[in-house]
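Chain and residue survey
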Amino acid sequence: MAEHEHVRVAVIGSGFGGLGAAVRLRREGVTDFVVLERAGSVGGTWRDNSYPGCACDVPSHLYSFSFAPHPDWPRTFSGQEHIRAYLEHVTDVFGLRPHLRFDSEVKMMTWNGAKLRWDIETSSGSLSADVVVSATGPLSDPKIPEVPGLDSFPGKVFHSARWDHDYDLRGKRVAMVGTGASAIQIVPAIQPEVGHLTLFQRTPPWVLPRVDRAITGPERALHRALPFTAKARRGLLWGIRELQVQAFTKHPDELGFVEQLAKRNMGRAIKDPALRAKLTPDYRIGCKRILLSSEYYPALARPNVHVVASGLSEIRGSTVVAADGSEAEVDAIIFGTGFHVTDMPIAERVVGAEGKTLAEAWKGGMEALRGASAAGFPNWLTIIGPNTGLGNSSMILMIESQLNYMADFLRQLDVLGGRAALDARPGAVAAWNRRVQERMRRTVWNTGGCTSWYLDPSGRNTTIWPGTTTEFRRATRRVDLAEYELLRVPAGEAAEVGA
């Protein structure tokens, strides 16, 4: 970086959110921006998660940008390598590479009230920006539980999002900790080659069949020749999921039929009554994310797999000990234990107008106006912010809605003219989040009887959007200036950005 580089916008992260923001900036005529990426390539979670079997549980044609349709998806549910290749393709097609700053992890972002800008320190140098768009995502920082004895374990240890491809699992005794979306893909992928697999399951997931297939050559040719057919396919996938939302948000009892489908899926592969009892959840389906797999249950029924219906509590040498007292000797431990979602580490590196970090401001729980703006953090927007997650559809839909909001935020600053900043009013943030939490009360995520990663330590759901993607798009179509305080450079202060 230059000795002191100043840009109009600094985007943090180069996953779907960051690249989407970069494309939208260019389409809005904004070219004075950088994308700061801590790694050496684009892709975000689809770069970091490269474990065996890694794939998306949202159909390919819906899990892609509406402005960058891809007629050549090879499967109805794409694998990690295909999604990562798509993001590289988007980067090239939209000319984003000149804006990328790789190996530039953000160490600190500090609001400079005198100059109305963000001063940013990265691992490759410092810069400043009028506006920051934080697109680090909620699935970027792995969470490994503190297990007594883990430090002295003599074997191999890694998280699913930091897979060690140099470690040969063939014939090894492996402990898989966790039964979330990653684990149900990893287990059937590694089961045939490991010597023995011990699965530590604190809470069993609901699993439906994953109806995946190769997309035929004629289908792809049709989508290339007649792009409206791919658009229609995407629209159908979207519409079905919009119709499903009512069951999740207003009528959780209607999900009982889906539970029966999940039980039948289990019953086809799991014949042992004792194992079936271990794998049957005691909460309403949908309370945790519904998982999709046609191979998970068959893998668990294999003789070299043992399911421990308990969490990992202790490690003694090479012996892993479950909370129920059962033990197993293992050569490797793989954690599929999720990410820092309700306590995003980036929040500790953002210092706002009052000198406190975003983590301190969110100590009582994350909250942001329309999922984007936090009070006391002017000209700072987040993509996939608080209460923007989905339980049944594609996050790309929510990202694109937030990009609409970002674009209008910048337009409003242009209209206001001069050195200006917009800071979300605390009352507006509180009012927005009060409405969100009121709607959340009757949803399956709050009433389904489970403890999920959607909830923060106080039991408040700060991650999921309690409505349709259409409702969210309407709510984020434009910025309401009445919800913001306008800031100007204080009289007598240096207004020149380079000063």
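So, the sheet that holds strand β9 (residues 196-200)
The 5 strands are arranged β7-β16-β8-β9-β12 in an open sheet whose pairing can be described as parallel. Strands at the two margins of the open sheet, each flanked by one partner only, are β7 (156-159) and β12 (305-308). The mean angle between the axes of side-by-side strands here comes to 15 degrees, regardless of whether they run parallel or antiparallel. Taken together, the 4 bridges between β7 and strand β16 (residues 332-335) define a ladder with parallel strand orientation. Looking at the pairing, Lys156 lines up with Ala332 of β16. Contacts from helix α4 (residues 183-190) reach β8 (173-177), β9 and β16 within the one sheet, and its direction differs from that of β8 by about 165 degrees.

Structural notes on the layout of surface pockets
By volume, the second largest pocket is sized at about 750 Å³. Contributing to the lining of the second largest pocket are 30 residues, with Leu208, Arg241, Gln244, Leu292 and Asn392 lying nearest its centre. Elements with a minimum of two residues in the lining of the second largest pocket: α6 (227-249) and α7 (256-269). In terms of residues, the lining of the second largest pocket owes the most to one element, α6, which gives 8 residues. Looking at the lining of the second largest pocket, its residues break down into 17 nonpolar, 7 polar and 6 charged.

Here's the deal with the sheet that holds strand β13 (residues 312-316)
Spatially, the 3 strands line up as an open sheet ordered β13-β14-β15, and their pairing is antiparallel. Looking along the sheet, the strands with just one partner apiece sit at the ends: β13 and β15 (327-329). When strand polarity is set aside, the average angle formed by the axes of neighbouring strands in this sheet is 25 degrees. Relative to β15, strand β14 (residues 319-322) is paired through 3 bridges, and the arrangement is antiparallel.

Describing the packing of helix α1 (residues 16-27) against helix α11 (residues 395-416)
Helices that pack against each other are described as a pair by the angle of their axes relative to one another and the distance between those axes. Between α1 and α11, the shortest axis-to-axis distance is 10 Å and the interhelical angle comes to 40 degrees. The angle between the axes of α1 and α11 places the two elements in the oblique class. Considering only the axes of α1 and α11, their crossing is right-handed. Contacts between α1 and α11 involve Phe16, Gly17, Gly20, Ala21, Arg24 and Leu25 on the former and, on the latter, Ile396, Ile399, Leu403, Asn404, Met406, Ala407, Leu410 and Arg411. Its residues placed into classes, the contact of α1 with α11 shows 9 nonpolar, 3 polar and 2 charged.

Here's the deal with a positive patch on the surface
A contiguous patch of positive charge on the surface is contributed by Arg264, Arg268, Lys271 and Arg276. Along the chain, Arg276 turns up in helix α8 (residues 273-279).

Looking at unusual backbone geometry
Positive phi is not limited to glycine here, since Leu116 has a value of about 50 degrees. Here Leu116 is to be found in the loop between β4 (106-112) and β5 (117-122). Given a relative accessible area of 3%, Leu116 falls into the buried group. Its identity is not glycine, yet Ile384 carries a phi of approximately 55 degrees, on the positive side. Note on placement: Ile384 falls in the loop between β18 (380-382) and α11.

A word on the environment of Ile333
By the secondary structure assignment, Ile333 is in strand β16. Each C-alpha atom, one on Ile333 and one on Val177, is 7.3 Å from the other, the two residues being 156 residues apart in sequence. If we ignore the near neighbours within four places in the chain, the residues touching Ile333 are Leu150, Phe153, Lys156, Val157, Phe158, Ala175, Val177, Ile315 and Val320.

Re the pattern of salt bridges
With the rule as written, the count across this model stands at 31 salt bridges. Here Asp119 makes a salt bridge to Arg117, at a shortest N to O gap of 2.8 Å. Judged by relative accessible area, Asp119 falls into the partly exposed class, the value being 24%. Among the ionic pairs, Arg284 bridges to Glu259, the shortest N-O distance being 2.9 Å. Of this pair, Arg284 sits in the loop between α8 and β11 (291-292) while Glu259 is found in helix α7, placing the two residues 25 residues apart along the sequence. Bridged by salt links that share partners, the residues Arg24, Glu28, Asp408 and Arg411 form one connected network.

Observations concerning the nonpolar core
If you look at the biggest cluster of nonpolar residues, it comprises 109 residues, and the most contacted ones within it are Val9, Phe16, Ile190 and Leu300. No other element matches α11, which puts 11 residues into this core. When near neighbours in sequence (up to four residues on either side) are disregarded, Leu300 contacts Val187, Leu199, Ile270, Leu275, Leu279, Val305 and Val307. Within the second largest apolar cluster, 27 residues are counted, among which are Trp111, Trp118, Ala347 and Met366.

So, the state of the cysteines
In this structure the tally under the stated criterion is 1 disulfide. For Cys54, which is in no disulfide, the shortest distance to another cysteine sulfur is to Cys56 and amounts to 8.9 Å.

Structural notes on the environment of Arg488
One can find Arg488 in strand β20 (residues 484-488). Separated by 67 residues in sequence, Arg488 and Ala421 place their C-alpha atoms 6.6 Å apart. Excluding residues within four positions of it along the chain, Arg488 makes contact with Leu116, Leu416, Gly417, Gly418, Arg419 and Ala420. A polar atom in the side chain of Arg488 sits 3.0 Å from the backbone oxygen of Leu416. One polar contact links the side chain of Arg488 to the main-chain carbonyl oxygen of Gly417, over a distance of 2.5 Å.

Here's the deal with the side chain of Thr443
Locating Thr443 in the fold gives a position in the loop between α12 (426-440) and α13 (444-447). Residue Thr443 is classed as buried on the basis of its relative accessible area of 0%. There is a polar contact of 2.8 Å between the side chain of Thr443 and the backbone oxygen of Met440. In this view, Thr443 contacts Phe248, Thr249, Pro252 and Pro466; residues no more than four positions away in its chain are not counted.

Quick notes on the rules
Residues numbered from 1 in each chain as written. Predicted model: local features only at pLDDT ≥ 70, side-chain atom pairs only at ≥ 80, totals over all residues. Heavy atoms only, no water. Pairing = 2+ DSSP bridges. Helix = DSSP H or I, 4+ residues; strand = E, 2+ residues; numbered from the N terminus. Axes fitted to C-alpha atoms, helices over the stretch in contact; angles between N-to-C directions. Contact = heavy atoms within 4.5 Å. 1 Å grid on protein atoms, 1.4 Å probe; cavity = no way out; pocket = protein on both sides within 12 Å on 5 of 7 lines; lining within 4 Å. Points joined across faces, edges and corners; volume = space filled by probe spheres on them. Nonpolar A, V, L, I, M, F, W, Y, C, P; charged D, E, K, R; others polar. Parallel < 35°, antiparallel > 145°, perpendicular 65-115°, else oblique. Left-handed = near helix turned anticlockwise from the far one by under 90°. Patch = residues over 30% accessible without salt bridge, like charges linked within 9 Å, V, L, I, M, F, W, Y side chains within 5 Å. Areas by Shrake-Rupley, 256 points an atom, 1.4 Å probe, with all protein chains shown as cover. Salt bridge = Lys/Arg side-chain N within 4 Å of Asp/Glu carboxyl O. Lys, Arg positive; Asp, Glu negative; His and termini not counted. Charge placed at Lys NZ, Arg CZ, Asp CG, Glu CD. Buried < 20%, exposed > 50% of the residue type's maximum accessible area, 1.4 Å probe, protein only. Core = buried A, V, L, I, M, F, W, Y, C linked by side-chain atoms within 4.5 Å. Disulfide = S-S within 2.5 Å. Polar contact = N/O pair within 3.5 Å; in protein donor to acceptor, adjacent residues only side chain to side chain.

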